[in-house]
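# A structural walkthrough
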Amino acid sequence: MSDITTPKLARGWKRHHELKAADRAAKAEIEAGLLIGLGRTPTMADRLACEQIAALTILARVLERRGRLAAAGKVRDQIVRAQRTNGLKPAPIETAKPAPGQALQDIFDKIASERA
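Below is a summary of the structure that appears in this document.

Reading the values: rules and limits
Residues numbered from 1 in each chain as written. Predicted model: local features only at pLDDT ≥ 70, side-chain atom pairs only at ≥ 80, totals over all residues. Heavy atoms only, no water. Helix = DSSP H or I, 4+ residues; strand = E, 2+ residues; numbered from the N terminus. Buried < 20%, exposed > 50% of the residue type's maximum accessible area, 1.4 Å probe, protein only. Areas by Shrake-Rupley, 256 points an atom, 1.4 Å probe, with all protein chains shown as cover. Core = buried A, V, L, I, M, F, W, Y, C linked by side-chain atoms within 4.5 Å.

## A look at the overall build of the chain
Scanning the chain from N- to C-terminus turns up four helices and zero strands. Sequence-ordered secondary structure for the chain, helices as α and strands as β, is α-α-α-α. When the 116 residues of the chain are sorted by exposure, 19% land in the buried category. Entry remark: accessible area of the chain is about 9,300 Å², with carbon and sulfur atoms responsible for 59%.

## Concerning the nonpolar core
Core analysis: the biggest nonpolar cluster contains eight residues, these being Ile-53, Leu-56, Ala-60, Leu-63, Ala-72, Val-75, Ile-79 and Ala-82. Mapped by element, the contributors of at least two residues to this core are α2 (44-65) and α3 (69-86).

Structure follows, in structure tokens:
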């Protein structure tokens, strides 16, 4: 008679919790990255859109990990639609402002070079 133990079951349950924790961390990282990428203070709509996109991304990864590639593809299509619909647009790039008084200093430099 053999001693029946369940190391695979125990490891499977432990692995399940490890994957869930890794997915939660990845979701938070994606969400934070999207919000930081805006370059402006996010609105509540921005926060909700980033949360939705992050959750869909993690769902697609889980489905791919399980070998359900067709379902993952549909979720990826939802991600693209969510990005288009929510219009997560970064802040416009601002031109570098000259130092205070720089324009006046440039005028003085021009006058000085003309006199020399």
